[in-house]
Amino acid sequence: MFEDPFASAVDSVTAPASDCFQITPDDTNDLSQATKALYVGTGGNIVLRSVGSENDVTLRNVVGGSIIDIRTRAVRATGTTASDIVGLA
């Protein structure tokens, strides 16, 4: 039987992620939900838009295996060379 001893804990941006989902970069659509962070499986560049911005930014030479603490609303296909990106929410 599954038990979650932290089920009644308050969630916050600094709390560990309680959900994760595969991200497929897309040039026009936002993610289905904002992330707390991104996990990058295979390194490269990531073009993203944070939840507080109206502009995209490029993170260059992100190392594979990195966790990037940016609340993200979109990951763009054009310019993104990193892969195996997972949203942590």
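First, a word on what this report is: a plain description of the structure on this page. (Residues numbered from 1 in each chain as written. Predicted model: local features only at pLDDT ≥ 70, side-chain atom pairs only at ≥ 80, totals over all residues. Heavy atoms only, no water.)

Let's shift gears to the overall build of the protein chain. Within the protein chain one finds 0 helices and 7 strands. Mapped from its N terminus to its C terminus, the protein chain presents α and β elements in the order β-β-β-β-β-β-β. Principal-axis analysis of the C-alpha atoms places the extent of the protein chain at approximately 45 × 25 × 20 Å. Here the protein chain, with 89 residues, has 31% of them falling under the buried criterion. Working note: accessible area of the protein chain is about 5,600 Å², and carbon and sulfur atoms make up 52% of it. Averaging the locations of the 6 positively and 11 negatively charged side chains of the protein chain gives two centres separated by 9 Å. (Helix = DSSP H or I, 4+ residues; strand = E, 2+ residues; numbered from the N terminus. Buried < 20%, exposed > 50% of the residue type's maximum accessible area, 1.4 Å probe, protein only. Areas by Shrake-Rupley, 256 points an atom, 1.4 Å probe, with all protein chains shown as cover. Lys, Arg positive; Asp, Glu negative; His and termini not counted. Charge placed at Lys NZ, Arg CZ, Asp CG, Glu CD.)

Across the sheet, which stays open at both edges, the 4 strands sit in the order β1-β7-β2-β5 with antiparallel pairing between neighbours. Each having just a single partner strand, β1 (20-22) and β5 (66-68) make up the two edges of the open sheet. Ignoring strand direction, the axes of neighbouring strands in this sheet form an average angle of 25°. Of the pairings in the sheet, the one linking β1 to strand β7 (residues 83-88) comprises 3 bridges and is antiparallel in character. Following the sheet pairing, Q22 is matched in β7 by V86. (Pairing = 2+ DSSP bridges. Axes fitted to C-alpha atoms, helices over the stretch in contact; angles between N-to-C directions.)

Let us look at the pattern of salt bridges. Under the criterion given, the structure shown has 5 salt bridges. Residue K36 is joined to D11 by a salt bridge in which the shortest nitrogen-to-oxygen separation is 2.6 Å. One end of the pair, K36, is in the loop between β1 and β2 (37-42); the other, D11, is in the segment before β1, and 25 residues separate them in sequence. Here D56 ties to R76 by a salt bridge, and the two come within 3.2 Å at their closest N and O atoms. One end of the pair, D56, is in the loop between β3 (44-50) and β4 (57-62); the other, R76, is in strand β6 (residues 72-76), and 20 residues separate them in sequence. (Salt bridge = Lys/Arg side-chain N within 4 Å of Asp/Glu carboxyl O.)

Our next topic: the pairing of β7. Across 5 bridges, β2 lies against β7 in antiparallel orientation. From the neighbouring strand, T42 faces β7, where its bridge partner is S83.

Further remarks concern the sheet that holds β4. If you trace the 3 strands from one edge of the open sheet to the other, you get β4-β3-β6, paired in antiparallel fashion. Every other strand in the sheet has two partners, leaving β4 and β6 as the edge strands with one partner each. Across the sheet, the axes of successive neighbouring strands diverge by a mean angle of 35°, strand direction being ignored. Where β3 and β6 come together, 4 bridges link them in antiparallel fashion. Residue pairing in the sheet places L48 in a bridge with V75 of β6.

Keep in mind these values describe shape, not function.
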